[in-house]
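# Secondary and tertiary structure notes
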Amino acid sequence: VNSADLAQALKSKLERRGLKVWHDQSVQGTVDETAVRCGVDEAKVFVLLLTKDVLARPTVRTELAHALARGKPIQLIHEPRTNQASFSPFGDYVNSAPPDARNLFVENESMPYQRRTYRAEPFLDELVRRISAPQDIGSRD
């Protein structure tokens, strides 16, 4: 499983649960800053799927900077199985974050992505709950 597959799977699962999901890969052709800003502006919550080198990508940095500037709630999700080729140990994400985004890793709880059926449903339930009640994002209760 690579990071693009994981992102697409998560998008599909959230859409099946009735959520409208914007994903920068769903824009045809080259992603431009206008499309990125519009997508972030329309989002109730900015979900950042942490994958290897994700924070080095200019588009992701633009999205993240715009989400921070707009005060969007940001939900972090990481792959706990770091032996997968597209994923890194959590500390690598923190170290590669732009300086203005490093507090996200202190203030916001990252949810580990769950694949196993008995864990996937509660994970998705909680993610949908957080997206529906964005004031709870960042709460570690």
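Residues numbered from 1 in each chain as written. Predicted model: local features only at pLDDT ≥ 70, side-chain atom pairs only at ≥ 80, totals over all residues. Heavy atoms only, no water.

This next bit is on the layout of surface pockets. Here the largest pocket is characterised by a volume of approximately 940 Å³. Those elements that place two or more of their residues in the lining of the largest pocket are α1 (3-16), α2 (33-42), β1 (46-50), α3 (58-70) and α6 (117-132). Here the lining of the largest pocket gets six residues from one element, more than from any other, and that element is α1. Per-class residue counts for the lining of the largest pocket are 18 nonpolar, seven polar and seven charged. Its volume calculated, the second largest pocket comes out at about 150 Å³. As for the second largest pocket, its lining consists of Glu 79, Pro 80, Arg 81, Tyr 113, Gln 114, Arg 115, Arg 116 and Arg 119. (1 Å grid on protein atoms, 1.4 Å probe; cavity = no way out; pocket = protein on both sides within 12 Å on 5 of 7 lines; lining within 4 Å. Points joined across faces, edges and corners; volume = space filled by probe spheres on them. Helix = DSSP H or I, 4+ residues; strand = E, 2+ residues; numbered from the N terminus. Nonpolar A, V, L, I, M, F, W, Y, C, P; charged D, E, K, R; others polar.)

Let's shift gears to the pairing of strand β2 (residues 74-78). The buried fraction of β2 amounts to five of the five residues, a majority that puts the element mostly inside the structure. Alternating residues of β2 divide into Ile 74, Leu 76 and His 78 and Gln 75 and Ile 77, and every residue in both groups is buried. Bridge analysis of β1 against β2 gives five bridges, and the strand direction is parallel. Each residue of the ladder has a partner; that of Leu 48, found in β2, is Leu 76. Between the parallel pair β1 and β2, the chain is carried across by α3, and the sense of this crossover is right-handed. Two strands pair when backbone bridges link them, and β2 and strand β3 (residues 111-112) are joined in this way by two bridges, in the parallel orientation. The residue of β3 that forms the bridge with Ile 77 is Met 111. (Buried < 20%, exposed > 50% of the residue type's maximum accessible area, 1.4 Å probe, protein only. Pairing = 2+ DSSP bridges. Right-handed = clockwise from strand over helix to strand, strands pointing away.)

Time to look at α6. With 16 residues, α6 extends 22 Å from end C-alpha to end C-alpha; this agrees with the ideal 22 Å at 1.5 Å per step. For α6, the set of buried residues is Ala 120, Phe 123, Leu 124, Leu 127, Val 128, Arg 130 and Ile 131. Down the axis of α6, the sector holding all buried residues measures 160°, keeping them to one side. Buried-residue contacts for α6 involve α1, β1, β2 and β3. (Expected span 1.5 Å × (residues − 1). Arc of directions from axis to C-beta. Contact = heavy atoms within 4.5 Å.)

So, about the packing of aromatic side chains. What the rule picks out here adds up to three aromatic pairs. Aromatic side chains Phe 90 and Tyr 93 sit 6.1 Å apart centroid to centroid with 85° between the ring planes, which places their arrangement in the edge-to-face category. Placement of both Phe 90 and Tyr 93 in helix α4 (residues 90-96) is noted, with a separation of three residues, approximately one turn of the helix. Each ring, one from Phe 90 and one from Phe 105, has its centre 5.7 Å from the other, and the planes form 75°; the classification is edge-to-face. With a gap of 15 residues between them, Phe 90 in helix α4 and Phe 105 in helix α5 (residues 104-107) connect regions that are remote in the sequence. With relative accessibility at 30%, the residue Phe 90 sits in the partly exposed group. (Phe/Tyr/Trp six-rings, centres within 6.5 Å; stacked < 30°, edge-to-face > 60°.)

Just distances and angles here, no functional claims.
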